[in-house]
Amino acid sequence: MTQTAETPAQVPAPSPKPRRRPRIHRAWFVAAVTFVTIIGAAAFASLPGLLIDPLHSEFDWSRGEIGFAVSVNLALYGLTAPFAAALMDRFGIRRVVAVALTVIATGSALTVVMTAAWQMVLYWGVLVGLGTGSMALAFAATVTDRWFVARRGLVTGILTAAGASGQLVFLPLLSWLVENHGWRPASITVAMSALVVVPFVWLLLRDHPADVGLPAYGSEELKPKPAPVTGAARRAVTVLFQAARTGPFWLLAGTFAICGASTNGLIKTHFIPAAHDHGMQITAAASLLAVIGVFDIIGTIASGWFTDRFDARRLLAIYYALRGVSLLFLPMLLAPDVRPPMLFFIVFYGLDWVATVPPTIALCREYYGKDSAIVFGWVLASHQIGAGVVAFAGGVARDVTGSYNTVWYASGALCAAAALMALLIRSRTKAEPADVVNVP
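The protein appears in an unreviewed UniProt entry as MFS transporter from Streptomyces camponoticapitis. Its UniProt record, at the heading Subcellular location (unreviewed entry), says of the protein: "Cell membrane".

See below:
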């Protein structure tokens, strides 16, 4: 009897399963799959700037009409993000991302048969906007929050850089296709790239560390997988109303709206046609955007590293101030050929492109705890609304004035305002309670 009693007492020894971890934590494989997934979905972001001139020539649509379709895409990209974060809590990351990639592929493929501007708004603006919104940075924030306790800033920077890597991979190819074979093969390429990633997501991505019996990276505690959270839409809206009662939310949303206006809305949408206005070849201008993608990877990963070590508020102020100064010089640098000052601008702007993301996510996490991914989704919505406004306004300004100069200068001034807003975000000490009570 004594022996039998002792034997079971020693059987639980294998129970510390979580301590037997592989040399490379599974979280890094999940991050790698997420990185590849975002790259596969990033082709869509490379296309709008390449489509403006070809669509204007073929269908005689104004740049304002085309810009409106792009602005719908950008706005829905942002507005979908908080609901997508809540849906990931309800149905799991795998299902939401797989469906999103399929919707992106469908919308992009349908653009090849469009004949009217409203169809571009529906296919590219609505379908691709909804799909990409579910693949937005809230996806990266959700993966980081679930799988990492240590190195969150670094991982956020790496996953954010994935979008730039996609731009780097696809932009030269898409610009070559548009110039040599027309815009339709480029749209099909975007559709295929999104579909190819779906099997990787379904087979390799896991929703939670508990699915593989491991604690999150940097933690010793194996937490059980949380139950699916029902009422995703209600939860997203409730979190918004709670966050909207706090000052930091509006400052973060305001600065990030200006971030979107000065990147996706301005440079990604209008840089290529603006350079073309000055006599530069489309492939040369697209190559410059691809170089921005190269340095964006370096800048964003470095920003994640800085965010783990320095005050996120000061980092944001520095990033926005430097971006604003660079935009004020851009109208003087555009020319038929690529000159050294333009290369300096591209490198400088690339390092700053989405360096704002890691400190913004860190501040959302500091203030809003477990709801931070959804709050960041709403902050991202403001980013995309800002991008959408400038995508449309930039096209209208070009139609009315024949130049993009007004938009460059206005965006530079907005970045200066964003730098001041970042400094107004007060620091919350660990002793203070979070401003938003988590929604069950």
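There is more to say after this.
**Q** I'd like a description of the overall build of the protein, backed by residues and values.
**A** When its secondary structure is counted, the protein shows 19 helices and zero strands. Within the span of the protein, comprising 440 residues, buried residues form 55% of the whole. Taking all contacts inside the protein whose residues are at least 6 apart in sequence as the whole, residues at least 24 apart take part in 84%. Carbon and sulfur atoms form 68% of the exposed surface of the protein, whose accessible area is close to 18100 Å².

**Q** Residues and numbers for helix α15 (residues 312–333), please.
**A** When the terminal C-alpha atoms of α15 are compared, their 31 Å separation across 22 residues agrees well with the 32 Å that a helix rising 1.5 Å per residue should span. Taking the backbone nitrogen of Arg313 as reference, a side-chain oxygen 2.9 Å away marks Asp311 as the first, capping residue of α15.

**Q** Could you give an account of the side chain of Ser134, with specific residues and numbers?
**A** Relative to the elements of secondary structure, Ser134 occurs in helix α7 (residues 117–134). Take Ser134: its relative accessible area is 13%, and that puts it in the buried class.

**Q** Quick one: what's the story with unusual backbone geometry, residue by residue and with numbers?
**A** For residues other than glycine, phi is negative in most cases, and the peptide bonds are mostly trans. Phi at Asp60 is positive, roughly 60°, even though this residue is not glycine. Following the sequence through the fold, Asp60 ends up in the loop between α4 (48–59) and α5 (63–91).

**Q** Run through the state of the cysteines, naming residues and quoting values.
**A** Counting across every chain of the model gives zero disulfides. Cys415 supplies the cysteine sulfur nearest to Cys259, a cysteine that is in no disulfide, at a spacing of 8.1 Å. In this structure Cys259 comes out as buried when scored by relative accessible area, which is 0%.

**Q** Outline the packing of helix α12 (residues 247–262) against α15, listing residues and values.
**A** At a minimum axis separation of 12 Å, α12 and α15 run at an interaxial angle of 30°. Both α12 and α15 take part in a crossing whose hand is left-handed. Contacts between α12 and α15 involve Thr255, Phe256, Cys259 and Ser262 from the first element and Tyr320, Arg323 and Leu327 from the second. Counted by class, the contact of α12 with α15 contains four nonpolar, two polar and one charged residues.

**Q** Account for the environment of Val70, naming residues and giving values.
**A** Here Val70 shows up in helix α5. In sequence terms Val70 and Met120 are 50 residues apart; their C-alpha atoms lie 8.8 Å from each other. Beyond its immediate chain neighbours, meaning those up to four positions away, Val70 contacts Pro48, Thr269 and Ala391.

**Q** Outline the packing of helix α17 (residues 357–368) against helix α18 (residues 372–401), supporting the account with residue identities and numerical values.
**A** How two helices sit against one another is set out by the angle between their axes and by the gap between those axes. Packing of α17 against α18 brings their axes to within 9 Å, and their N-to-C directions diverge by 130°. Classified by the angle between their axes, α17 and α18 sit oblique to one another. Where α17 crosses over α18, the handedness of that crossing is right-handed. In this structure, α17 uses Val357, Thr360, Ile361, Cys364, Arg365 and Tyr368 to contact α18, whose residues at the interface are Ser372, Val375, Phe376 and Val379.

**Q** How would you explain a nonpolar patch on the surface if you had to name every residue and give the values?
**A** There is a patch of nonpolar side chains on the surface, built from Val196, Phe200, Trp202, Leu203 and Leu204 and spanning about 510 Å² of accessible area. Within the secondary structure, Val196 sits in helix α10 (residues 183–204).

**Q** Describe the pattern of salt bridges, listing the residues and the values that go with them.
**A** Considering all chains together, one arrives at eight salt bridges under this definition. Where Glu58 meets Arg184, a salt bridge forms, and the shortest distance between an N and an O atom there is 2.8 Å. Of the two residues, Glu58 is situated in helix α4 and Arg184 in helix α10; the sequence distance between them amounts to 126 residues. You can call Glu58 partly exposed: its relative accessible area is 40%. Among the residues examined, Arg184 registers a relative accessible area of 30% and is labelled partly exposed. Across the salt bridge formed by Arg323 and Asp352, the nearest N and O atoms sit 2.9 Å from each other. With Arg323 in helix α15 and Asp352 in helix α16 (residues 340–352), this pair connects stretches of sequence that are 29 residues apart. Here Arg323 matches Asp352 in class, with each residue buried. Each of Asp311, Arg313 and Glu366 takes part in salt bridges that share partners, so that together they form one network.

**Q** I'd like to hear about the packing of aromatic side chains, residue by residue, with values.
**A** The tally for this structure, following the rule as stated, stands at 15 aromatic pairs. Each ring, one from Tyr349 and one from Trp353, has its centre 5.7 Å from the other, and the planes form 70°; the classification is edge-to-face. Neither Tyr349 nor Trp353 differs from the other in exposure class; each is buried. Among the aromatic residues, those joined into a cluster by ring pairs are Trp28, Phe148 and Tyr217. Directly above the ring of Trp202 sits Arg94, whose terminal nitrogen or CZ lies 4.8 Å from the centroid.

**Q** Could you give an account of α5, naming the residues involved and the relevant values?
**A** An ideal rise of 1.5 Å per residue puts 42 Å on 29 residues; α5 measures up with 40 Å between its terminal C-alpha atoms. By the largest-angle criterion, Ala81 marks the main kink of α5, which is about 35°, and a proline, Pro82, follows within four residues. Phi for Gly92, located one or two positions after α5, is positive at around 100°.

Cut-offs used in this document
Residues numbered from 1 in each chain as written. Predicted model: local features only at pLDDT ≥ 70, side-chain atom pairs only at ≥ 80, totals over all residues. Heavy atoms only, no water. UniProt positions renumbered as here; feature names shortened; annotations may be inferred. Helix = DSSP H or I, 4+ residues; strand = E, 2+ residues; numbered from the N terminus. Buried < 20%, exposed > 50% of the residue type's maximum accessible area, 1.4 Å probe, protein only. Contact = heavy atoms within 4.5 Å. Areas by Shrake-Rupley, 256 points an atom, 1.4 Å probe, with all protein chains shown as cover. Expected span 1.5 Å × (residues − 1). Polar contact = N/O pair within 3.5 Å; in protein donor to acceptor, adjacent residues only side chain to side chain. Disulfide = S-S within 2.5 Å. Axes fitted to C-alpha atoms, helices over the stretch in contact; angles between N-to-C directions. Left-handed = near helix turned anticlockwise from the far one by under 90°. Nonpolar A, V, L, I, M, F, W, Y, C, P; charged D, E, K, R; others polar. Parallel < 35°, antiparallel > 145°, perpendicular 65-115°, else oblique. Patch = residues over 30% accessible without salt bridge, like charges linked within 9 Å, V, L, I, M, F, W, Y side chains within 5 Å. Salt bridge = Lys/Arg side-chain N within 4 Å of Asp/Glu carboxyl O. Phe/Tyr/Trp six-rings, centres within 6.5 Å; stacked < 30°, edge-to-face > 60°. Lys NZ or Arg CZ within 6 Å of the ring centre and 35° of its normal. Bend = angle between axes of the 7 residues up to and from the residue.

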